[in-house]
Amino acid sequence: SPDGIMEPLELVNVDLTGRKLVEASAGTGKTYAITSLYVRLLLERKLSVSQILVVTFTEAATEDLRRRIGKRIREAAATFATGEASDEFLAGLLRKTPDRTDAHHLLSDALRTLDEAAIFTIHAFCQRVLQDNAFESSSPFEMDFITNQDALLREIVDDFWRIEFYPASSLFIRFARQSG
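No experiment lies behind these values; they were computed from the predicted model shown.

Colleague: What is the right way to read the pattern of salt bridges from this model?
Modeller: A side chain with one charge may pair with a side chain of the opposite charge, provided their charged atoms come close. Counted according to the given criterion, the structure contains eleven salt bridges. Lys-96 is the salt-bridge partner of Glu-44, the closest N and O atoms lying 3.3 Å from each other. Here Lys-96 lies in helix α3 (residues 88-96) and Glu-44 lies in helix α1 (residues 30-44), a separation of 52 residues in the sequence. When its relative accessible area of 34% is taken as the criterion, Lys-96 is described as partly exposed. Measuring nitrogen to oxygen at the nearest pair gives 3.8 Å for the salt bridge that ties Lys-46 to Asp-102. Of this pair, Lys-46 sits in the loop between α1 and β1 (53-56) while Asp-102 is found in helix α4 (residues 100-112), placing the two residues 56 residues apart along the sequence.

Next comes the structure, spelled out in structure tokens:
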């Protein structure tokens, strides 16, 4: 809000355009919010699963989100098939959706193509963007992303010691060893 006060997220009515920042502590329903907004994007914006990008931090979180998004789509599809909602969000979505049959078809299509869903870790997403746009970004077509820099840092330190200490005087080397 303009006055800086955080307001609860109304999943059924939050505007799906522009940028939104969702901040929440652990265990407060971030995944529930993401999966619910995902369903709304499928239904209200008529986006396909390949047009919705979900980015998270770890591989485990990516797999969990993929599983939970599929589950949420199945719950929503069942809601539109039966007319009965299992929670408040789905009940609100049912009330505001004029064509239940069309909604069920959209969700069924999403389930069939869920393996195309763009759900990535941050590293995997960056790697994909760089590979897809290698020519435009002057990046090599094949590159490795380094997620653990320990070996690279060790190599840099070893190189530094070789460059600086091999030609150094024995007095300086003795001083460095004694100084730790």
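Here the narrative resumes.
Colleague: Explain the nonpolar core to me, please; I cannot follow it from the model alone.
Modeller: Note on soluble globular proteins: their nonpolar side chains tend to be buried together. Core analysis: the biggest nonpolar cluster contains 30 residues, and Tyr-38, Leu-42, Ile-73 and Leu-107 have the highest contact counts within it. Residue assignment for this core shows that the elements contributing at least two residues are α1, α2 (59-82), α3 and α4. The dominant element in this core, judged by the number of residues it contributes, is α1, at seven residues. In this structure Leu-42 touches Leu-47, Ser-48, Val-49, Ile-52, Ile-73, Leu-106, Leu-107 and Ala-110, once residues within four positions along its chain are discounted.

Colleague: Mind showing me how you'd approach α2 here?
Modeller: The terminal C-alpha atoms of α2 lie 35 Å apart, and with 24 residues this matches the ideal 34 Å at 1.5 Å per residue to within 8%. Those residues of α2 not exposed but buried are Thr-62, Leu-65, Ile-69, Gly-70, Arg-72, Ile-73, Ala-76, Ala-77, Thr-79 and Phe-80. Positive phi shows up at Gly-83, right after α2, with a value of about 80 degrees.

Colleague: I'm lost on helix α7 (residues 170-179) in this one. Help?
Modeller: An α-helix turns once per 3.6 residues; consequently, residues spaced three or four apart project the same way. Burial analysis of α7 places just one of its ten residues in the buried class, which makes it a mostly uncovered element. Phi turns positive one or two residues past the end of α7, at Gly-180, with a value near 80 degrees.

Colleague: Where do I start with the environment of Arg-162 in this structure?
Modeller: Topologically, Arg-162 is positioned in helix α6 (residues 150-165). Side chain to side chain, Arg-162 and Asp-159 meet in a polar contact 2.7 Å long.

Colleague: Got a minute to help me understand the packing of α2 against α4 in this structure?
Modeller: For the pair α2 and α4, the least separation of the axes is 9 Å and the interaxial angle reads 155 degrees. By the criterion of interaxial angle, the relationship of α2 to α4 is roughly antiparallel. The interaxial crossing formed by α2 with α4 has left-handed handedness. Together, Gly-70, Ile-73, Arg-74, Ala-76, Ala-77, Phe-80, Ala-81 and Thr-82 of α2 and Arg-100, Ala-103, His-104, Leu-107, Ala-110 and Leu-111 of α4 make up the contact between the two elements. Tallied by class, residues from the contact of α2 with α4 come to nine nonpolar, three polar and two charged.

Colleague: Help me understand unusual backbone geometry in this model?
Modeller: Among all residues save glycine, negative phi is the norm, and among peptide bonds the norm is trans. A positive phi angle, close to 55 degrees, is found at Lys-46, a residue other than glycine. For Lys-46, a relative accessible area of 49% puts it in the partly exposed group.

Colleague: Where do I start with the side chain of Thr-35 in this structure?
Modeller: Along the chain, Thr-35 turns up in helix α1. Polar side-chain contacts of Thr-35 include one of 3.0 Å to the backbone oxygen of Tyr-32. Sequence-distant contacts of Thr-35, that is, excluding residues within four places in its chain, are made with Arg-68, Ile-69 and Arg-72.

Colleague: Explanation requested: a nonpolar patch on the surface in the structure shown.
Modeller: On the surface, a nonpolar cluster with roughly 390 Å² of combined accessible area is contributed by Leu-53, Val-55, Phe-57 and Ile-122. Mapping Phe-57 onto the fold places it in the loop between β1 and α2. The class of Phe-57 is exposed, set by a relative accessible area of 68%.

How each quantity is defined
- Residues numbered from 1 in each chain as written.
- Predicted model: local features only at pLDDT ≥ 70, side-chain atom pairs only at ≥ 80, totals over all residues.
- Heavy atoms only, no water.
- Salt bridge = Lys/Arg side-chain N within 4 Å of Asp/Glu carboxyl O.
- Helix = DSSP H or I, 4+ residues; strand = E, 2+ residues; numbered from the N terminus.
- Buried < 20%, exposed > 50% of the residue type's maximum accessible area, 1.4 Å probe, protein only.
- Core = buried A, V, L, I, M, F, W, Y, C linked by side-chain atoms within 4.5 Å.
- Contact = heavy atoms within 4.5 Å.
- Expected span 1.5 Å × (residues − 1).
- Polar contact = N/O pair within 3.5 Å; in protein donor to acceptor, adjacent residues only side chain to side chain.
- Axes fitted to C-alpha atoms, helices over the stretch in contact; angles between N-to-C directions.
- Parallel < 35°, antiparallel > 145°, perpendicular 65-115°, else oblique.
- Left-handed = near helix turned anticlockwise from the far one by under 90°.
- Nonpolar A, V, L, I, M, F, W, Y, C, P; charged D, E, K, R; others polar.
- Patch = residues over 30% accessible without salt bridge, like charges linked within 9 Å, V, L, I, M, F, W, Y side chains within 5 Å.
- Areas by Shrake-Rupley, 256 points an atom, 1.4 Å probe, with all protein chains shown as cover.

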